[in-house]
Protein chains: 2
Amino acid sequence: MTADTRQEIMDAARAMVQTRGYNGLSFRELAKEVGVKSASVHYHFPTKGDLGAALARRYADEAIEILDGFLEASQDVGACMRMYTDVFRSALSNDNRMCLCGIMAAEHDDLPAEVRAEVDRFTDVNIRWLVKLLSRGESKAATGTVAQRALAIFAAVEGAQLVARGRGDIAVYDQAIEAYRAAGLLP
Amino acid sequence: MTADTRQEIMDAARAMVQTRGYNGLSFRELAKEVGVKSASVHYHFPTKGDLGAALARRYADEAIEILDGFLEASQDVGACMRMYTDVFRSALSNDNRMCLCGIMAAEHDDLPAEVRAEVDRFTDVNIRWLVKLLSRGESKAATGTVAQRALAIFAAVEGAQLVARGRGDIAVYDQAIEAYRAAGLLP
DNA sequence: CAAGGGCTATCTATCGATAGATAGACGGAG
DNA sequence: CTCCGTCTATCTATCGATAGATAGCCCTTG
């Protein structure tokens, strides 16, 4: 079970970061969770920054795959947007967790540079995807406007997740998303 | 300088929390910033939870005063909303800080109960104020709808702040807010 | 085929730094 | 004199990180 250890460490670490943040991630607790010693975690990820960057990198890569899958699964803009908001919803329903990069954005100033770079990339991935989606529906809109709206949607969804988590109530997320849609922010 | 110390501690602590989060707040660093010893901080705030709760309580109280001042300063809904979003903007322009309660919401699971209670109250204060503001413009809307929209606006603004901070670019905040307004989410 | 050298992955044990917290002394002001 | 505020000094717990040992595996070489 050697190759698995690295994956198990990353899985447990992701869950811990999504729950307690990057600063709340402890090598000792993480090791205990996985069932190894903290020195073994250091073997796979020499520094905490290495681990954090690896987590964010995998997170962004997975996002690309998942989101592109949505675009292939449906041609309907509204349906794709619903799948998108459901991804962020599932983090909350899974033990009141947050988007890995959302919670890391809050810790911006404490993040090692290599982690911050991957967090930035996750934002880019989201916004690019949203631009692609929005461009499907309305070919008339200017590119700049679409990019701005994509950014706003991403920010609004992250905010809904943040506030809902703070309240410990997933209904808060649902209500915010519904209001975004009613206002016309979401297609 | 005795009564001042408590205030100086709270001022410095607030700035540190807004920058590095509740977990990033250290009694030693805080004491050094103020120019006292960490034991003196413990004298005024026996535990870290006491300090955090006092910070959030004062923050929510100040929010009530500031926001009510906006309602008195102008009868125009749009103008009041702009003042509202400008408050959150000023946190970013002031050393890329976040809303105290926004960053604490991200740390939800690590917060002592007394801190969490005050963070919740801040959210309530904001939503109640937004409901009051929204109710000015459109008396036709149902109460439930207004409350939902107020929640959505608060979440969206917090999210814009979060994402802008993650990017370290206040222009991101401005663009998101502008897009909210263009979409009709903000009055 | 067998022996040996390196490689992988883990362990035990420990490092210095820092966290929050506390006890008790000291000094100035009412 | 007493009390309030701050100090010195220290405690325990935990942090990320490192050193050094070890068990098992694979590959080469004779």
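Remember, it's a predicted structure, so these values are computed and weren't measured experimentally.

(A) The interface of chain A and chain B, seen in detail. With 42 residues of chain A at the interface, the matching set in chain B holds 41 residues. The set of elements that each furnish at least two residues to the side of chain A that touches chain B consists of α1 (2-20), α6 (100-106), α7 (113-137), α8 (143-167) and α9 (170-183) of chain A. In the side of chain A that touches chain B, the residues fall into 20 nonpolar, twelve polar and ten charged.

(B) Structural view of the relation of the copies chain A and chain B. Least-squares fitting of chain A to chain B yields an RMSD of 0.0 Å, with the transformation described by 0.0 Å of translation along the axis and a rotation of 180°. Those values place the two copies in the arrangement expected of a two-fold rotation axis. When each C-alpha of chain A is compared by its distance to the rotation axis, Gly159 of chain A comes out closest, at 1.7 Å. When you check the interface residues of chain A against chain B, 98% turn up at the interface there too, and the contact is symmetric in its surfaces.

(C) Structural detail: unusual backbone geometry. Residue and element names in this part refer to chain A. Positive phi outside glycine occurs at Asp95, with the angle close to 70°. Mapped onto the fold, Asp95 is located in the loop between α5 (77-93) and α6. Of the residues examined, Asp95 has 10 C-beta atoms within 10 Å and is grouped as exposed.

(D) Quick look at the packing of α7 of chain A against helix α8 (residues 143-167) of chain B. Two elements in contact, α7 of chain A and α8 of chain B, have axes whose closest approach is 10 Å; the angle formed by their N-to-C orientations is 130°. As the angle between them shows, α7 of chain A and α8 of chain B are arranged oblique. The chirality of how α7 of chain A crosses α8 of chain B is left-handed. Contact residues: α7 of chain A offers Val119, Asp120 and Thr123 of chain A, while α8 of chain B offers Val163, Gly166 and Arg167 of chain B. Per-class residue counts for the contact of α7 of chain A with α8 of chain B are two nonpolar, two polar and two charged.

(E) Region of interest: the packing of helix α5 (residues 77-93) of chain B against helix α7 (residues 113-137) of chain B. Residue and element names in this part refer to chain B. α7 packs onto α5 with a crossing angle of 160° between their chain directions and a minimal axis gap of 9 Å. The orientation of α5 relative to α7 falls into the category roughly antiparallel. At the point where α5 passes α7, the crossing takes the left-handed sense. Contacts between α5 and α7 involve Val77, Cys80 and Met81 from the former and Leu133, Arg136 and Gly137 from the latter. Residues that form the contact of α5 with α7 fall into these classes: four nonpolar, one polar and one charged.

(F) Region of interest: the nonpolar core. Membership of the largest hydrophobic core comes to 119 residues, with the highest contact counts inside it found for Ala56 and Ala176 of chain A together with Ala56 and Ala176 of chain B. Once residues within four sequence positions are removed from consideration, Ala56 of chain B is found in contact with Leu100, Cys101, Met104, Val115, Glu118, Val119 and Phe122 of chain B.

(G) Geometry of α8 of chain B. Residues and elements named next belong to chain B. For α8, spanning 25 residues, the distance from its first C-alpha to its last is 36 Å, which sits close to the expected 36 Å at 1.5 Å a residue. When you tally the buried positions in α8, you get 20 out of 25 residues, the bulk of the element. Note on α8: the residue one or two positions beyond its end, Gly168, has a positive phi of about 65°.

(H) Spatial organisation of helix α9 (residues 170-183) of chain B. For α9 of chain B, spanning 14 residues, the distance from its first C-alpha to its last is 20 Å, which sits close to the expected 20 Å at 1.5 Å a residue. Regarding α9 of chain B, the residues found buried are Val172, Tyr173, Gln175, Ala176, Ile177, Ala179 and Tyr180 of chain B. Considering only its buried residues, α9 of chain B is in contact with α8 of chain A together with α5 and α8 of chain B. One or two residues past the end of α9 of chain B sits Gly184 of chain B, with phi positive at roughly 95°.

The rules behind these values
Once a new chain begins, its residue numbering starts again from 1 and follows that chain's sequence as written. Chains carry letters and ligands carry numbers; both start at the beginning, A for chains and 1 for ligands, and go up in the order they are written. For this predicted model, a pLDDT threshold of at least 70 governs which residues receive local features, and a threshold of 80 or more governs which side-chain atom pairs are given and counted, while totals over whole chains, interfaces and linings are taken from all residues. Remark: residues whose backbone-derived C-beta atoms lie within 7 Å of one another are considered to be in contact. Under the scheme used here, helices are H or I runs from DSSP no shorter than 4 residues and strands are E runs no shorter than 2 residues, and both carry numbers assigned from the N terminus. Nonpolar residues are Ala, Val, Leu, Ile, Met, Phe, Trp, Tyr, Cys and Pro. Charged residues are Asp, Glu, Lys and Arg, and all others, Gly as well, are polar. A least-squares superposition brings the copies together, and it is based on the C-alpha atoms of residues with pLDDT no lower than 70 in both. Buried, partly exposed and exposed are defined by the number of other C-beta atoms within 10 Å of a residue's own C-beta, namely 20 or more, between the two limits, and 12 or fewer respectively, with C-beta atoms placed from the backbone. Working convention: axes come from line fits to C-alpha atoms, limited for helices to the stretch in contact. Angles between N-to-C directions cover 0 to 180 degrees. Any angle that is under 35 degrees is reported as roughly parallel, and any over 145 degrees as roughly antiparallel; angles of 65 to 115 degrees are reported as roughly perpendicular and all others as oblique. Helix crossings get a hand from a simple test, with the near helix turned counterclockwise from the far one by less than a right angle marking a left-handed crossing and a clockwise turn marking a right-handed one. Buried Ala, Val, Leu, Ile, Met, Phe, Trp, Tyr and Cys residues form a nonpolar core when they are connected through C-beta atoms within 7 Å. By definition here, a helix of n residues has an expected span of 1.5 Å times n minus one.

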